[in-house]
Amino acid sequence: MANLRDHMGRPIVAVTGIGVVTSLGVGKADNWAALTSGRSGIHPITRFPVDHLNTRISGMVDFLPSSSKGASHLTYELAETAAQEAVSEAGLESGDFGGPLFLASPPVELDWIDRFSLYNSDKQDAGAERLLRVARGLKELDVFETTQFGSIADRLADRFGTRGLPITLSTACASGATAIQLGVEAIRRGECDKALSIGADGSATAEALIRFSLLSALSTHNDIPEKASKPFSKDRDGFVLAEGSGALVLESLEGALARGATILGIMRGCGEKADDFHRTRSKPDGSPAIAAVRAALADAGLGEDEIDYVNAHGTSTPENDKMEHLSLSTVFGERIGSMPISSNKSMIGHTLSAAGAVEAAFSLMTMRESVIPPTINYDNPDPAIVLDVVPNKKRNAEVGTVLSNSFGFGGQNTCLVMAREPV
Amino acid sequence: MSSHDVVITGIGLVSSLGEGPDAHWQKLTRPGLEPVLDAARFAPYTIHPLPEIDWNLQIAKRGDQRQMETWQRLGTYTAGLALDDAGIKGNDELCATMDMVVAAGGGERDEAVDAAILAASESRNDRDVLLNEKLTTELRPTLFLAQLSNLLAGNISIVHKVTGSSRTFMGEEGAGVSAVETAAARIRSGQSTHVLVGGAFQTEHSDMLLGYELAGYLHRGPWKPVWQRQGSEGGGVVTGSGGAFLVLEQREHAKNRGRKIYAELGHVVSGRARRRQGELNSEIAALLKQAALPDGDLLTISAASGAHAATAAEKAVLDANPALAVRAFSTLTGHMKEAQFPFAVALAAMAVDRGAGYPAFDATVERSFEGAPNSVLATAIGYHQFEGLGLVKAP
């Protein structure tokens, strides 16, 4: 019989349900087929006009009913769709989940479509004064709820019957990993037997794209969209803005085994460390990212030689990929040159608040399927970054443990360690 | 008493009443204190404005100040006050091992750019193209960072060097409740020894008012205390700029470094009533039960917003428990959204520490409370959703 407690005496946390949506499709089957065949979901932007924009490509999710209804509605639908897949795979009743909800989602703002519509429904005065006057005459709560930071989680809590006050969080591009970490920690502290952790992001609006563009963060390789995201390549020039969602049902191993659930993987460890150097750049010595990786390994009770594969943050920005290489080579030493390290973002782009959860889902599938998805568009290796990035073609390999990295603006560094089997 | 108890060793406060626990104590214990109001600038709405603040006192570098708008400055400043108060500021070792949970909304948009786009939209049908045209040329690149929710925590890391971990919870008052609850749970389980937790709200920006007014939540017309806004024009909420940060610490950790302890943080409980199904009253009553209230008179610091339905529900449930002597501080500070619960806990801890209650903030409704409180209850019933309570006790 498996151990039910980890090396620190805490309940072991198992994954019993996985759900995912990206620009490659809805659900694990479609996503996995595309990922392992090296297919990109990056495509020209059609949701809004691209006049005046330097970046005209993205990994938006354009095929859901809410895809054109604004960030809040799409984020909800992405979260709900992934969570439904995860909860039904776990064999749990979808309206009576019975554990807490942790949602990583983008900060919300009143969408421009609503701003325009409110403003132009009246002619008196101007600017904010007019908006406020029109606002207080509204008879419905629909627009209001898109501006409340807790509303998406509130709806999800109703939909899935989660327990208690749901937590909505943001740690920028590490948010999805933080949502999983919060679930793992709640189970380890004995606050619950199971938790629903979701990362969802449907906020690829024109304004979001322009904001990242003004920070020179986005790729402008518009001509062949599927070639734009090229992590660890010499000619990488920024990330590709994308949408998606990932959801995990987390359970104490004890609870999962007791109800006869299928164990899809184990959440072995989580580590984090904040960076105090700069709002968008990492400390030049990489020490915070290094500390986050080491903290995750220590939390997992694993040594540096016990990680089989790294699911990289790998955004395809000049800065991230250089710093991620520096951090990993510091932690793993010479072994780094022969460890497989791939970036799902080469195919799905950067799903921002969802990325950590989406990539945890793919990491778990990598172990279960014994197939490592490739880093595509690796045609022009960066000589300063010597890594085995599983270039361009999937690789069959036994993978027992994965490290998944997530780094974000505001000095956010969160790492997850997952394992195929309980100890 | 246990070594893993959660104690409060630092308090940072800013509101229209001033800054710091001492200034707040002096003002709030003055019977009949008049609120600081600005009824003109955002008429027909009244707000409680920020006091004069010398940002340099907590954010030494001008370059850092320039990277933020007022909301992030206010939060970073208030966090600095709490760190100072706990004797942690400037202690590299303690800051590097300190965890942080910030309750945040979003930062300020560029009102002038927005207004120009809206004005142009009246004469253009290609509004999406108009957006691209204006936003690509008129947005200040770094403004995005001043708007991002998690960049308040990011700035606290940069300015004050708090880098153990950094998490940002979103979701109005509920985010503040969850932040305190999670921080306390980390300390009790031994995951953290000391945690910075809190939030800030800057209401002096039309978008921040719009966030309430899209559902008609703001009170209009002459100012009234929180409990007396039912039936008045508007929705009952009067907002205020301010912030509250707490240093929560494992008792043993605080003792070992010889720090003053304001109070112990006992049970923190939270919930999500399905309000449309009429569950709010029963949910608040259930939370009171879970909080394991002590016998006898209990000073209760309420973060009631004034929002008609939520405030009426809270009042009904608290009134049904005659042991509770309630003080709704938003009468004097205005509603500070994510900061409401940390602010309530801070006022509760100050009362325990000083061994005295506050006089009624609204003498027509709030009953007197005599004696030295051994425990104080803090409540935060969200103006729209989410609820929480916490019990603060003598150390």
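Residues numbered from 1 in each chain as written. Chains lettered and ligands numbered in written order. Predicted model: local features only at pLDDT ≥ 70, side-chain atom pairs only at ≥ 80, totals over all residues.

## A word on the overall build of chain B
Scanning chain B from N- to C-terminus turns up 15 helices and 14 strands. Rg of the C-alpha trace for chain B: 21 Å, near the compact-globule value of 21 Å for 395 residues, within the 12% margin. A principal-axis box enclosing the C-alpha atoms of chain B has dimensions of 65 × 55 × 40 Å. Counting contacts in chain B only where the partners sit at least 6 residues apart, residues at least 24 apart contribute 80% of the total. (Helix = DSSP H or I, 4+ residues; strand = E, 2+ residues; numbered from the N terminus. Rg over C-alpha atoms; globule rule 2.2 N^0.38 Å. Contact = placed C-beta atoms within 7 Å.)

## Some remarks on the overall build of chain A
From N to C terminus, chain A includes 13 helices and 15 strands. For 423 residues, the compact-globule estimate of 2.2 N^0.38 gives 22 Å, and the C-alpha radius of gyration of chain A, at 21 Å, lies within 12% of that figure. In terms of principal-axis extent, the alpha carbons of chain A reach across some 70 × 50 × 40 Å. Of all 423 residues assigned to chain A, the portion counted as buried reaches 64%. Long-range pairs, those at least 24 residues apart, make up 78% of the contacts in chain A between residues at least 6 apart in sequence. (Buried ≥ 20, exposed ≤ 12 C-beta atoms within 10 Å, placed from the backbone.)

## Side note on the interface of chain A and chain B
Each partner contributes residues to the interface: chain A has 62 residues there, and chain B has 61 residues. Elements with a minimum of two residues in the side of chain A that touches chain B: α3 (112-119), α4 (127-135), α5 (142-146), α6 (151-160), β6 (167-170) and α8 (206-214) of chain A. Among the residues forming the side of chain A that touches chain B, the class breakdown is 32 nonpolar, 15 polar and 15 charged. Note: β6 of chain A against strand β6 (residues 165-170) of chain B, three bridges, orientation antiparallel. Across the sheet, the residue bridging to Leu-169 of chain A is Phe-169 of chain B, located in β6 of chain B. (Nonpolar A, V, L, I, M, F, W, Y, C, P; charged D, E, K, R; others polar. Pairing = 2+ DSSP bridges.)

## Thoughts on the packing of helix α5 (residues 111-121) of chain B against helix α6 (residues 127-138) of chain B
Residue and element names in this part refer to chain B. In contact at an axis separation of 10 Å, α5 and α6 are set at 150° when each is read in the N-to-C sense. As far as their axial angle goes, α6 and α5 are roughly antiparallel. Crossing of α5 against α6: the hand is right-handed. Here Val-113, Ala-116, Ile-117, Ala-120 and Ser-121 of α5 come into contact with α6, specifically with Arg-127, Leu-130, Leu-131, Lys-134 and Glu-138. Tallied by class, the residues present in the contact of α5 with α6 amount to six nonpolar, one polar and three charged. (Axes fitted to C-alpha atoms, helices over the stretch in contact; angles between N-to-C directions. Parallel < 35°, antiparallel > 145°, perpendicular 65-115°, else oblique. Left-handed = near helix turned anticlockwise from the far one by under 90°.)

## Some points on the pairing of strand β5 (residues 101-104) of chain A
Residue and element names in this part refer to chain A. A two-sided burial pattern is seen for β5, the buried positions comprising Leu-101 and Leu-103 on one face and Phe-102 and Ala-104 on the other. Pairing geometry for β5 and strand β7 (residues 194-201), over four bridges, is parallel. Bridge pairing links Leu-101 to Leu-196 in β7. Bridge count for β5 against β6 is three bridges, and the pairing is parallel. Within the sheet, the bridge partner assigned to Leu-103 lies in β6 and is Thr-168.

## Some thoughts on the sheet that holds strand β3 (residues 38-42) of chain B
Residue and element names in this part refer to chain B. The strand order across the open sheet built from three strands is β3-β4-β8, with neighbouring strands paired in mixed fashion. Single-partner strands in this sheet number two, and they are β3 and β8 (239-240). Bridge count between β3 and strand β4 (residues 45-48): two bridges; the pairing is antiparallel. Looking at the pairing, Asp-38 lines up with Ile-47 of β4.

## Here's the deal with the pairing of β4 of chain B
The side chains of a regular strand alternate between both faces of the sheet. Residue and element names in this part refer to chain B. Residues Tyr-45 and Ile-47 of β4 are buried on one face, and the alternating residues Thr-46 and His-48, pointing to the opposite face, are buried as well. Sheet topology note: the β4/β8 ladder contains two bridges and is parallel. Residue pairing for β8: His-48 is matched across the bridge by Gly-240.

## So, α3 of chain A
In an α-helix, one full turn covers 3.6 residues, which means residues spaced three or four apart are oriented alike. Turning to α3 of chain A, its buried residues are Trp-112, Asp-114, Arg-115, Leu-118 and Tyr-119 of chain A. Down the axis of α3 of chain A, the buried set is contained in an arc of 160°. They therefore lie on one face. Its buried side turned inward, α3 of chain A meets α4, α5 and α8 of chain A together with α5 and α6 of chain B. (Arc of directions from axis to C-beta.)

## Some details on unusual backbone geometry
With an omega of 10°, the peptide bond between Ala-43 of chain B and Pro-44 of chain B qualifies as cis. Within the secondary structure layout, Pro-44 of chain B lies in the loop between β3 and β4. Not every positive phi belongs to a glycine, and Leu-352 of chain A is a case in point at roughly 50°. Inspection of the secondary structure puts Leu-352 of chain A in the loop between α12 (345-348) and α13 (355-369). The residue Val-390 of chain A is not glycine, and still its phi comes out positive at about 50°. In this structure, Val-390 of chain A sits in the loop between β12 (371-372) and β13 (395-396).

## Here we look at the environment of Ala-177 of chain A
Residues and elements named next belong to chain A. Tracing the backbone through its elements, the reader meets Ala-177 in helix α7 (residues 175-188). With 34 C-beta atoms counted inside 10 Å, the residue Ala-177 sits in the buried group. Distance in space between the C-alpha atoms of Ala-177 and Asn-405 is 8.3 Å, their sequence separation being 228 residues. Excluding residues within four positions of it along the chain, Ala-177 makes contact with Gly-356, Ala-360, Ser-404, Ser-406, Thr-414 and Leu-416.

## Details of the environment of Ala-39 of chain B
All names here are of chain B. Take Ala-39: it is sitting in strand β3. On the basis of neighbour count, Ala-39 is assigned to the partly exposed category, with 14 C-beta atoms found within 10 Å. Sequence-distant contacts of Ala-39, defined by excluding residues within four places in its chain, comprise Thr-46 and Trp-223.

## Let's talk about helix α2 (residues 71-89) of chain A
Residue and element names in this part refer to chain A. Spanning 19 residues, α2 covers 27 Å between terminal C-alpha atoms, matching the ideal 27 Å at 1.5 Å per step. By the criterion of burial, α2 is predominantly enclosed, with 16 of the 19 residues buried. In the segment just after α2, Gly-91 is the residue with positive phi, at about 75°. (Expected span 1.5 Å × (residues − 1).)

## Remarks on the confidence of the model for chain B
Considering every residue of chain B, the mean pLDDT works out to 97; 100% of them sit at 70 or more. Taken together, the chains of this predicted complex give a pTM of 0.98 and an interface ipTM of 0.98. (pLDDT = per-residue confidence, 0-100.)

## What about the environment of Ala-295 of chain A?
Residue and element names in this part refer to chain A. Along the chain, Ala-295 turns up in helix α10 (residues 287-300). The sequence separation of Ala-295 and Lys-273 amounts to 22 residues, and the corresponding C-alpha distance is 8.1 Å. Excluding residues that lie within four positions of it along the chain, Ala-295 makes contacts with Gly-271, Glu-272 and Lys-273.

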